[in-house]
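Observations on the model geometry
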Amino acid sequence: MRSVIFDLDGTLADTAGDLIAAANAALARLGHPPQLVMGQDDATAFAGGRAMLRLAAERLGIADAEGLADAGYQPLLDAYGAEIDTHTVLYPGTLAAVDRLRAAGHLTGICTNKPEGLAVTLIERLGLTARFPALIGADTLPVRKPDPAPLLETIARLGGTPDRAVLIGDTITDRKTAAAAGIPCILVTFGPTGRAVADLEPEALLDHYDKLDAVLDQLLH
């Protein structure tokens, strides 16, 4: 029995459009014009709200990027919570792949750096709640990824063990988290950085969810 743990943003679902819209809404609240562009800044969106606001500060010529990030973070969360699934879609093959895993008796959970409340709302909207009985968000524990504790806690809540677990993600944060936990990492290549994630040297790459079963069999056997 495997524990297959998924990141959320950029791994299960393409959430970039709604994240970018929320960042621009936060900037508007602070009296600034929009700075983030859908399709262009998706990789930054998957790095988190503060990363988007820091990029906006750079483009606005604001020296105190952290000050803008601090001021804009809660307005960003508020805007995102209000419009969390306007543009968001699951990546092709996601539901079928998760259903195949669960039908085969494997455990499935989510470990994300999205605040837990927002993550719970989003997976409800996407019809994923029953498929992921364990979810750990950025604020569930005192620490977040790349600390290994959230990943290990997700596995524990599923009743799994680290020696039979794998983390599927899309960024260096996921790669570092898995390495810190001593767990294999699969990075998806269908995000904004494409196959450049191979440079992070994960144990495996995933080009499409239709190929997940074969990748897992090769990795864990």
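Below is a short write-up of the structure. (Residues numbered from 1 in each chain as written. Predicted model: local features only at pLDDT ≥ 70, side-chain atom pairs only at ≥ 80, totals over all residues. Heavy atoms only, no water.)

1. Things to note about the sheet that holds strand E5 (residues 134–136)
Spatially, six strands are ordered E5-E4-E1-E6-E7-E8 in an open sheet, and the strand pairing comes out parallel. Across the chains shown, the open sheet's two edge strands, defined by having one partner strand only, are E5 and strand E8 (204–206). Between one strand axis and the next, the sheet turns by 25 degrees as a mean value, whatever way the strands run. When strand E1 (residues 3–6) meets strand E6 (residues 165–169), the two strands line up parallel, connected through four bridges. Residue pairing for E6: Ser3 is matched across the bridge by Ala165. Along the sheet, helix H8 (residues 172–181) makes contact with E6 and strand E7 (185–188), crossing E7 at roughly 170 degrees. (Pairing = 2+ DSSP bridges. Helix = DSSP H or I, 4+ residues; strand = E, 2+ residues; numbered from the N terminus. Axes fitted to C-alpha atoms, helices over the stretch in contact; angles between N-to-C directions. Contact = heavy atoms within 4.5 Å.)

2. Let's talk about the packing of aromatic side chains
The final tally for this structure, using the stated rule, is four aromatic pairs. An angle of 45 degrees between the planes, with centres 6.3 Å apart, marks the rings of Phe6 and Tyr209 as tilted. Highlighted residues: Phe6 in strand E1 and Tyr209 in the loop between E8 and helix H9 (212–220), separated in sequence by 203 residues. For the pair Phe190 and Tyr209, a centre-to-centre distance of 5.4 Å together with 50 degrees between the ring planes defines the contact as tilted. A residue pair is termed long-range when its members are at least 10 positions apart, and Phe190 in the loop between E7 and E8 and Tyr209 in the loop between E8 and H9 qualify at 19 residues. Three or more aromatic residues link up through ring pairs in this structure, and these residues are Phe6, Tyr91, Phe132, Phe190 and Tyr209. A cation sits over an aromatic face here: Arg50 above Tyr73, 4.5 Å from the ring centre. (Phe/Tyr/Trp six-rings, centres within 6.5 Å; stacked < 30°, edge-to-face > 60°. Lys NZ or Arg CZ within 6 Å of the ring centre and 35° of its normal.)

3. With respect to the pairing of strand E4 (residues 107–111)
Most of E4 sits out of view: five of its five residues are buried. By the alternation rule, side chains of E4 split into Leu107, Gly109 and Cys111 and Thr108 and Ile110, which are all buried. Sheet topology note: the E1/E4 ladder contains four bridges and is parallel. Following the sheet pairing, Val4 is matched in E4 by Thr108. For E4 and E5, the ladder comprises three bridges, and the chain directions are parallel. The residue of E5 that forms the bridge with Ile110 is Leu135. Handedness of the crossover is the feature at issue here: the chain leaves E4, passes through helix H6 (residues 116–125), returns alongside E5, and the resulting connection is right-handed. (Buried < 20%, exposed > 50% of the residue type's maximum accessible area, 1.4 Å probe, protein only. Right-handed = clockwise from strand over helix to strand, strands pointing away.)

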